[in-house]
Amino acid sequence: METVQDFVRDALEEDGDQDVLDFVSEGEGDDLDSLEPPIYLDESFPATVVICNVPKVGQAKYQKLMGVLGKLIDKYGPNEKEMPMNEETEQTEGFVIVTFEQQEAAENAVLQLDGMNLDKAHTFKVVKMDKFDEIVNRRDRFEPQRTLTTFSRADFREWLGDKKCREQILLRYQSETEIRWHDTMAGEPVLCYGGEREKRQKKVWCDWKVLWSPEGSYIATFHQQGIALWAGPDFTKKVRLPHANVKEINFSPDEEYVLLWNGSHHSEHDDNAVRIYHVLTGQIVRKCRTPPCTPNGDDFPHFFWSNDGKFIAECNESRIMVRDTENWEIIKDETGKRTALKFESLKCFEWSPRDNVLAVWTLEKDNNPARLTLVEIPSRREIASRSRTQCEAEMHWQSEGDYLCLLVNKLSKTRKRLSTNLEIFRIREKSIPVDIVTIEDNVRGFFWESKGSRFAILTADEAGHKPKLLIYQLGREKCEALCCFDLPSNSFNKVVWAPEGQYFVVASVTSATGASGSGDLLFAGLTADNKLEILHKDEHYMLTNVEWDPSSRYIITAVTQPMSNEGGYKYSMEAGYAIWTFQGRVLFRQQKEKLYGVSWRPHPPSLLPAVRQKDIRKNIKQFSKKYDAMDEQAKESARQAFRRERQEKTDAFLEVLDRLRDFKDERMAENGWDEALADFAEAQGWTQDDQIIEEELGVTEELISG
């Protein structure tokens, strides 16, 4: 049994306090278990309250004030009151200490008297005595405590570790929202989650639209009250972002923030039209009105995020306001002032996909030519510019930000097109040199190869006929034409490159103006020596969407209809989607009534360095052996399951036939039909004649040398 001396000695030895240890008595002392528990002083005052902001009066009015206070305080229960006097001023201190007999009475007094107006100049502040130390010891500078809740993101990317390397598809149709695995072995998409948890609880998983976040971490569902974000293997709700009647959202590229817009016009002066939330905490970081115009001329978005999410930009007719997302203030100029970037006759601007660089296009006005300007943020340094007169232009960034194409249509004084130039800016090279490619025909579309230096353009002659597909490559010194292909139809209006480049789909898609496309599809690719290879031609009637999966293996084509009733009937009969391989082979096709949206789940950026990724592509056959073996094993398992199921059904069918045959034999023997049938056959005089016929189909002679 440990004694008090043992306990003290052990503690001092641990602390190394040898001097004190020498004074410890050598006696045995009492056992620890035999000691009585210590008695602590109760320093709490649960039934005592302090009433502050009481009038300060002298001795003459002391009893009168106590009488007034007594009428207010005594109705909560028996009590004792103390109102101290200041000996120097000979007036009361301005507060009363009241001790009730019951704690409940004190609590009721605090609830009822706190905030009561005694007169115009005196409003009571009532607190419990136990909070006195906490109040008087508060810091002079208020520091708010963190009360926001967050959630873990540890399991957000578990789906990327799927052993079958499957992709996920998001479907929104009728009143259903589903996430499905694209399983080629199953022959159709397999349901992963369709809101079963919410249905059991009789809740609505999604009221309106549904979208993936840029890196695929979240699903955003639209509701009348705002947005809900879902994530994790079970797609559980992580955060709610209130904004009534939200119409559009826009995530930052790093998914740290999300912008919500309620659809109000700038002229409505709604100070709550735009809300920007911090996703992890659900905290509003900025609210503002709808800006007067959008950077690209569409209805949405009004704000453009930089590639790293550190900046967000908006504009009006002559200024671009770039804000830092750390403090949501406009970035400073060289003098330290927070001012906007000024561009007269601003037409549009775009961020580089990989750098904090703005490409700004301004229109020609008076004696000032149209101008392309590249501005580095946050330094505001102009790194390149190009001026043009009497022209129209479009900007097209390459996916890695290595190149910027300015598509310039030179116009006559009557605004008729004279020629088209493609001005390619080499952003990574010194002084940013420019390659110019002249196109004689009308350019109907410009499309960069993903992660590559090639681009495709669709052209037609002045009459809109003779459609062509032209592909160019930017070499080290100049831009070279690779191929020219005469398209089989004049309806092709879009080229969709695979995320990893090389392969692409030329499609006839319903235009933004509502003009229906024919749905023609051309699956093609470029070989290692830059030769065009047409893989397959097909169609998907009234096509509205074409999307590659992130791995560049599969393609979804779909006919979707808008969720509003305007024009939706036009697509209702053809609504549905199809999944193709990159060679153009159909894997799955399904009609879906009221299909509003279908999309692949995006992938986050790869954690592998570029050198490692290049090595994998170079030795892809070596790495693919493992997965080819897994695919073959899965196929063999599927074949065995099919054969097993077919054999079980065949055996069941033969068993039924055997039972019928036995039943027939029993009935025939019972009724004498078998004997009658034998007698009848014998009376006919039939005999059985077996013959073997052999026929020589051909002879092949082969000389075998000895």
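Cut-offs used in this document
Residues numbered from 1 in each chain as written. Predicted model: local features only at pLDDT ≥ 70, side-chain atom pairs only at ≥ 80, totals over all residues. Heavy atoms only, no water. Helix = DSSP H or I, 4+ residues; strand = E, 2+ residues; numbered from the N terminus. Rg over C-alpha atoms; globule rule 2.2 N^0.38 Å. Buried < 20%, exposed > 50% of the residue type's maximum accessible area, 1.4 Å probe, protein only. Areas by Shrake-Rupley, 256 points an atom, 1.4 Å probe, with all protein chains shown as cover. Lys, Arg positive; Asp, Glu negative; His and termini not counted. Charge placed at Lys NZ, Arg CZ, Asp CG, Glu CD. Pairing = 2+ DSSP bridges. Axes fitted to C-alpha atoms, helices over the stretch in contact; angles between N-to-C directions. Phe/Tyr/Trp six-rings, centres within 6.5 Å; stacked < 30°, edge-to-face > 60°. Lys NZ or Arg CZ within 6 Å of the ring centre and 35° of its normal. Core = buried A, V, L, I, M, F, W, Y, C linked by side-chain atoms within 4.5 Å. Contact = heavy atoms within 4.5 Å. Expected span 1.5 Å × (residues − 1). Arc of directions from axis to C-beta. Bend = angle between axes of the 7 residues up to and from the residue. Parallel < 35°, antiparallel > 145°, perpendicular 65-115°, else oblique. Nonpolar A, V, L, I, M, F, W, Y, C, P; charged D, E, K, R; others polar. Salt bridge = Lys/Arg side-chain N within 4 Å of Asp/Glu carboxyl O.

Digging into the overall build of the chain
Helix and strand counts for the chain come out as 10 helices and 45 strands. In summary, the chain has a C-alpha radius of gyration of 41 Å against a globular reference of 27 Å for 706 residues, an excess of more than 25%. With respect to the principal axes defined by its C-alpha atoms, the chain has extents near 140 × 105 × 65 Å. Burial status across the chain gives 39% buried among its 706 residues. Of the roughly 43400 Å² that the chain leaves accessible, carbon and sulfur atoms contribute 48%. Charge-centre separation for the chain: the mean point of 93 positive side chains lies 10 Å from the mean point of 122 negative side chains.

Concerning the sheet that holds strand 45 (residues 595-600)
Read from one edge of the open sheet, 4 strands run 11-10-9-45, paired in antiparallel fashion. Every interior strand has two partners, whereas the edge strands, strand 11 (190-193) and strand 45, have only one. Going across the sheet, the axis of each strand differs from the next one's by a mean of 30 degrees, ignoring polarity. In the sheet, strand 9 (residues 167-173) pairs with strand 45 via 5 bridges, with the strands oriented antiparallel. Opposite Leu-170, over in strand 45, you have Ser-599 as the bridge partner.

A look at the packing of aromatic side chains
Counted under the stated rule, the structure contains 23 aromatic pairs. Taken together, the ring pairs in this structure connect Tyr-403, Phe-446, Trp-448, Phe-455 and Tyr-472 into an aromatic cluster. Over the ring of Trp-181 we find Arg-166, and its NZ or CZ is 4.4 Å from the ring centre. Lys-592 extends its terminal NZ or CZ atom over the ring of Tyr-173, reaching a point 3.8 Å from the ring centre.

So, the nonpolar core
Inside soluble globular proteins, nonpolar side chains tend to come together where they are buried. Core analysis: the largest hydrophobic core is formed by 21 residues, its most contacted members being Ile-51, Val-54, Leu-69, Met-83 and Phe-100. Of all the secondary-structure elements, those providing two or more residues to this core are strand 1 (48-52), helix 3 (62-73), strand 5 (95-100) and helix 4 (103-113). Filtering out sequence-adjacent residues up to four positions away, Leu-69 remains in contact with Val-54, Met-83, Val-96 and Phe-124. With 18 residues, the next largest nonpolar core counts Phe-156, Val-239, Leu-260 and Tyr-277 among its residues.

Observations concerning the environment of Gln-561
Relative to the elements of secondary structure, Gln-561 occurs in the loop between strand 42 (554-559) and helix 7 (569-572). In sequence terms Gln-561 and Arg-197 are 364 residues apart; their C-alpha atoms lie 27 Å from each other.

Looking at helix 3
Look at helix 3: 16 Å from first C-alpha to last across 12 residues, which is about the 16 Å you get at 1.5 Å a residue. Among the residues making up helix 3, those that are buried are Tyr-62, Leu-65, Met-66, Leu-69, Gly-70 and Ile-73. Buried residues of helix 3, seen end-on, are gathered within an arc of 140 degrees and therefore sit on one face of the element. Pointing more than 90 degrees away from the buried face of helix 3 are the exposed residues Lys-64 and Lys-71.

Quick notes on the pairing of strand 16 (residues 248-251)
Looking along a regular strand, one sees the side chains alternate between the two faces of the sheet. Bridge count between strand 16 and strand 17 (residues 257-261): 4 bridges; the pairing is antiparallel. Paired with Asn-250 across the bridge in strand 17 is Leu-259. Following strand 16, the chain reverses through 5 residues before pairing antiparallel with strand 17; Glu-255 in that reversal takes a positive phi of roughly 65 degrees.

Observations regarding helix 9 (residues 620-671)
Here helix 9 contains 52 residues, and its C-alpha end-to-end distance of 75 Å stays within 8% of the 76 Å for a straight helix at 1.5 Å per residue. Of all the bends in helix 9, the largest measures some 30 degrees and sits at Lys-626. Immediately beyond the C-terminal end of helix 9, within one or two residues, lies Gly-672, with a positive phi of roughly 80 degrees.

Focus on the packing of helix 9 against helix 10 (residues 673-684)
It is at 5 Å that the axes of helix 9 and helix 10 come closest, and there the two elements cross at 80 degrees. In terms of orientation, helix 9 lies roughly perpendicular with respect to helix 10. In this structure, helix 9 uses Met-668, Ala-669 and Asn-671 to contact helix 10, whose residues at the interface are Trp-673, Asp-674 and Leu-677. When its residues are assigned to classes, the contact of helix 9 with helix 10 shows 4 nonpolar, 1 polar and 1 charged.

Some thoughts on the sheet that holds strand 30 (residues 403-411)
Taken together, the 4 strands give an open sheet; going across it, the order is 29-30-31-32, and neighbouring strands pair in antiparallel fashion. Of all the strands in the sheet, the pair left with one neighbour each is strand 29 (391-397) and strand 32 (434-439). Strand-to-strand, the axes of this sheet are offset by a mean angle of 20 degrees, without reference to chain direction. Across 9 bridges, the pairing between strand 30 and strand 31 (residues 417-426) is antiparallel. Note that in strand 31 the partner of Asn-409 across the bridge is Thr-420.

A closer look at unusual backbone geometry
A cis geometry characterises the amide bond from Phe-300 onward to Pro-301, with omega recorded as 5 degrees. As for its position among the elements, Pro-301 is in the loop between strand 19 (283-288) and strand 20 (304-305). Of note, the bond from Ile-377 into Pro-378 is cis; its omega dihedral lies within 30 degrees of zero at 10 degrees. Tracing the backbone shows Pro-378 in the loop between strand 27 (370-376) and strand 28 (382-388). Of note, the phi angle at Asn-53 is positive, near 65 degrees, even though the residue is not glycine. As for its placement among the helices and strands, Asn-53 is situated in the loop between strand 1 and helix 3.

With respect to the pattern of salt bridges
Counted according to the given criterion, the structure contains 36 salt bridges. Of the charged contacts, one joins Glu-400 and Arg-354 as a salt bridge, the two residues approaching to 3.4 Å between their closest N and O atoms. Pair noted here: Glu-400 is in the loop between strand 29 and strand 30 and Arg-354 is in the loop between strand 25 (346-351) and strand 26 (357-362), with a separation of 46 residues, a long-range link. What makes Glu-400 partly exposed here is its relative accessible area of 22%. A relative accessible area of 42% places Arg-354 in the partly exposed class. Ionic pairing is found between Glu-645 and Lys-649, a salt bridge with its closest N-O pair at 3.4 Å. Of this pair, Glu-645 and Lys-649 both sit in helix 9, 4 residues apart, which is roughly one turn of that helix. When its relative accessible area of 40% is taken as the criterion, Glu-645 is described as partly exposed. Residue classification places Lys-649 among the exposed positions, given a relative accessible area of 54%. One continuous salt-bridge network, built from bridges that share partners, spans Asp-162, Lys-164, Arg-166 and Asp-183.

Regarding the side chain of Thr-459
Checked against the element boundaries, Thr-459 lands in strand 34 (residues 454-460). Contact partners of Thr-459, with chain neighbours within four places excluded, come to Ile-439, Asp-441, Asn-442, Val-443, Arg-444, Lys-466, Pro-467, Lys-468 and Leu-470.

Such coordinate-based values are descriptive only and should not be taken to indicate function.
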